Amino acid sequence: MPSHRLDPIDRKILAELQADGRMTNVELAKRVGISAPPCLRRVRVLEEQGYIQGYHADVDARALGFEVQVFVMVGLQSQAESDLSAFEGRCRAWPLVRECHMLNGEVDFILKCVAPDLSTFQSFLTGDLLTAPNVASVKTSLVIRGAKDDPGVPFDVLEERLSRMA
């Protein structure tokens, strides 16, 4: 859990890296208004403190042949912590499941799945998910198109909130 208190330069570093994680340290330092050595030290601390959890390429799933994206709502028979953890572990092991979130309300989990085609997704659904222990109900929604997919957090909202608190 992060223990380092973020200052405005740290937040600017995070915003810049969230927008473009491939920029050089020299470019990052220029954008945030400090020299390269302290910028690199700050990035290392942000990584060590867990504010930066990794660097990833934003790949085009469709270009790679993954034409199907499905959101799956899963209800479990038991919500005991051991059963919730067991289901989360299964989700981590299923390659088609790209995201898994436990929810509050009538659905226990929502999964974001990708597959090259409907028959592959159907095989996963009927062969893995529906037969998994403790699964009581499954509802699926096929994505027709995406309108927005912004990872991370809105730093402008954070900055506005912090300015009101000062």
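Residues numbered from 1 in each chain as written. Predicted model: local features only at pLDDT ≥ 70, side-chain atom pairs only at ≥ 80, totals over all residues. Heavy atoms only, no water.

The protein appears in an unreviewed UniProt entry as Lrp/AsnC family transcriptional regulator from Sagittula salina.

When we look at burial in helix α5 (residues 118–129), the residues that qualify are Phe121, Phe124, Leu125 and Leu129. For α5, the buried positions fall inside an angular range of 95 degrees around the axis, keeping them on one side. Elements in contact with the buried residues of α5: β1 (68–76), α4 (81–93), β2 (97–102), β3 (109–115) and β4 (135–142). (Buried < 20%, exposed > 50% of the residue type's maximum accessible area, 1.4 Å probe, protein only. Helix = DSSP H or I, 4+ residues; strand = E, 2+ residues; numbered from the N terminus. Arc of directions from axis to C-beta. Contact = heavy atoms within 4.5 Å.)

Moving on, we come to the environment of Val143. Relative to the helices and strands, Val143 is located in the loop between β4 and α6 (155–165). Considering only alpha carbons, one finds Val143 and Glu67, 76 residues apart in sequence, at a separation of 9.9 Å.

What follows concerns the nonpolar core. In this structure, Val74, Phe87, Leu111 and Leu129 are the most contacted members of the largest nonpolar core, which totals 21 residues. At the level of secondary structure, the elements contributing two or more residues to this core comprise β1, α4, β3 and α5. Ranked by residue count, the leading element in this core is β1, at five residues. The contacts of Leu111, once residues within four sequence positions are left out, are Val70, Phe71, Val72, Val74, Phe87, Cys91, Val97, Glu99, Cys100 and Leu129. (Core = buried A, V, L, I, M, F, W, Y, C linked by side-chain atoms within 4.5 Å.)

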